[in-house]
Each structure stands twice: as structure tokens, then as C-alpha cells.
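# Chain and residue survey
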Number of protein chains: 2
Amino acid sequence: MRPATAEDVPAIVAMLADDPLGAQRESPDDLTPYLRALERLVADPNQHLIVATREGRVVGTLQLTIVPGLSRRGSTRSIIEGVRIHAAERGSGLGTRLIEWAIDASRREGCQLVQLTSDNTRTDAHRFYERLGFTASHVGFKLQL
Amino acid sequence: MRPATAEDVPAIVAMLADDPLGAQRESPDDLTPYLRALERLVADPNQHLIVATREGRVVGTLQLTIVPGLSRRGSTRSIIEGVRIHAAERGSGLGTRLIEWAIDASRREGCQLVQLTSDNTRTDAHRFYERLGFTASHVGFKLQL
């Protein structure tokens, strides 16, 4: 597990696109917008874009965002986004290790709460997060601009 | 609608605490952790803690976080947290104006997506967000640390 660099972007985008929902949303043929987004992430100390590697190959990724706030006695929370595991690694326990990394990193950053949203259709993912101790306590709303 | 300052913190915390869920989670008698959290928010250009005022009194608040990312072709998204309306203002349309402010601010920041989570028990809030165009497409998971 290490911070992502520009050299990891092709592998990350390939994983984002190799997904029932991501296939319609990503454009792996043009990496320019992804590289620009990586620059913003790297410049922001509250953003952690992480890759998991095995034998030098990128096999997993997630993004962890640290969000200070006033509610819950001035609690800081973290938000997990963009969790992807390479197809060849699914079922290997790598997803669990990625989320456990994110939980440990959140503790180190002083967070009192970790949160994420998962598309209603990803029922396997829902069971996975519940096994890791998360509670499906909220409804996640999105508005496309 | 304007950015919150330290002088607004007592009124913001009073609104956070005047809520079925917030009543158990907030400590309006000691503002120290809230003031410390405000300092972190003000120092971060991707954080916008906003208050709505009427005749000089704070009557509403929300927090908008700008989150760059790789997924969806390097999209930036925004996350709305901590929406609260003073009890005397509920039903006045102020909630709608606060969320519309957040949507407009998200557009100005170049976001392609606005998202938020709402506790499963807040069914009135769910209808409110759907009226404003949001889709309840996700399950929101939380883990207390």
C-alpha cells in the first residue's frame, strides 16, 4: 500500500473502467483529465489516493478524504471513495486489507468516524462492508450537475 | 449566506444540538472542540462552512466539501454535511435556499456531482432532497472509531 503516482494512473483507470458501472463512465483512451485530477489530489494534504501493489503491479486502489467538521463535538471524519480491486485479485482478501488500511489511516489522522456510500445495486459490497463493522445507517443521495 | 466565523459558533452548535440525533452527540457547554474544528475548516480552501442569517441572527448552516478524484473522468464532486435550520425557520423555504446555494457553489468550483447522506430515520429530509432533484441511489455506511 503506497500513495499513487502519475505512473500508476493507467492501471488505476483500467480498474475504474473494468466495472459494471465504471464501464459507462470512464475513458481510458485519454488520461489527461485523470492526470490533472491526480495533481489536485497530491497537492491536498487531506487527500490520500492509495494503490495496493503485488510484485510491482497495481492490483487495488482507494481514495481517502479527511473532512474536519463541527458536528459531533468537532469531530473529524474520513470518506472512502473509489474502491477497486483488480479482477484477478477478487476474493483474495485484498479488499479487506485496503479498507483496514483506510481505517488505520483514519485513526492516525484523528478521525472519529469513517464513512462511504455504495451504489444500491452493489449488494455484495454491502455485505462486505457490514462484515468489516460498518452500519448501513444512511441513505446516499446524488445529484449530477 | 456567508462563511461562518468564530462568533457564529455558539449559534451553529445550538442548532446542531437542537435535533433528535444531535441532542445525544453535542456538548454546547464547551465550545473549545468546535472552535478548534472551525480553525481547520477556515484554513482549508476545499471546505466551506456557511451560515444563513436573518436580521443578523444565524438561522441555518451547512458544510460543503470539495473532493477532487480520478473516477468519472477525473470528476470533482462536492459533499454536503451538517445541514441545520433553526426551529423557528422550518417550513420557510430556507432549507431549499441553503441547498441551492450549495449546488450553485459546487458548479462554480467545477464539480460534476453533489452528494450527501441522510440518516435512515430522517424520512422528511429524504423527500426534501428528492424534490430538489437528488436521487437516493446509494447506501450510506458508517463506522465509529
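Residues numbered from 1 in each chain as written. Chains lettered and ligands numbered in written order. Predicted model: local features only at pLDDT ≥ 70, side-chain atom pairs only at ≥ 80, totals over all residues. Heavy atoms only, no water.

In this assembly, 62 residues from chain B lie in contact with 62 residues from chain A. Buried area between chain B and chain A, summed over both chains or domains, comes out near 6000 Å², and the portion from carbon and sulfur atoms is 56%. Joining chain B to chain A, the criterion identifies two salt bridges. Here R77 of chain A and E81 of chain B are joined by a salt bridge, their closest N and O atoms 3.1 Å apart. Connecting chain B to chain A are 42 residue pairs in polar contact (both at pLDDT 80 or more). By residue number, the principal contributor to the side of chain B that touches chain A is strand β6 (residues 135-144) of chain B, which donates ten residues. A per-class count over the side of chain B that touches chain A returns 27 nonpolar, 23 polar and twelve charged. Of the pairings in the sheet, the one linking strand β5 (residues 113-119) of chain A to β6 of chain B comprises seven bridges and is antiparallel in character. (Contact = heavy atoms within 4.5 Å. Buried area = accessible area lost by both parts, 1.4 Å probe. Salt bridge = Lys/Arg side-chain N within 4 Å of Asp/Glu carboxyl O. Polar contact = N/O pair within 3.5 Å; in protein donor to acceptor, adjacent residues only side chain to side chain. Helix = DSSP H or I, 4+ residues; strand = E, 2+ residues; numbered from the N terminus. Nonpolar A, V, L, I, M, F, W, Y, C, P; charged D, E, K, R; others polar. Pairing = 2+ DSSP bridges.)

Below, the discussion takes up the pairing of strand β3 (residues 57-67) of chain B. Residues and elements named next belong to chain B. With ten of its eleven residues buried, β3 lies for the most part within the structure. With antiparallel pairing between neighbouring strands as the criterion, strand β2 (residues 47-54) and β3 make up a hairpin whose turn holds two residues, including E55 at a positive phi of roughly 50°. As paired strands, β3 and strand β4 (residues 77-85) are joined by seven bridges and run antiparallel to one another. The residue of β4 that forms the bridge with T65 is I79. (Buried < 20%, exposed > 50% of the residue type's maximum accessible area, 1.4 Å probe, protein only.)

To continue, consider the pattern of salt bridges. For the structure on display, the rule yields 14 salt bridges over all chains. Note that R84 of chain A is salt-bridged to D19 of chain A, the shortest N-O span being 3.9 Å. One end of the pair, R84 of chain A, is in strand β4 (residues 77-85); the other, D19 of chain A, is in the loop between α1 (9-17) and α2 (32-42), and 65 residues separate them in sequence. Exposure remark for R84 of chain A: the relative accessible area of 11% places this residue in the buried category. Assessed through its relative accessible area of 13%, D19 of chain A is described here as buried. Note that D8 of chain B is salt-bridged to R2 of chain B, the shortest N-O span being 2.8 Å. On the accessibility criterion, R2 of chain B (31% relative accessible area) is partly exposed.

This paragraph deals with the environment of E100 of chain A. All names here are of chain A. Here E100 shows up in helix α4 (residues 94-108). Its relative accessible area of 38% is what places E100 among the partly exposed residues. C-alpha separation for the pair E100 and V13, spaced 87 residues apart in sequence, amounts to 23 Å.

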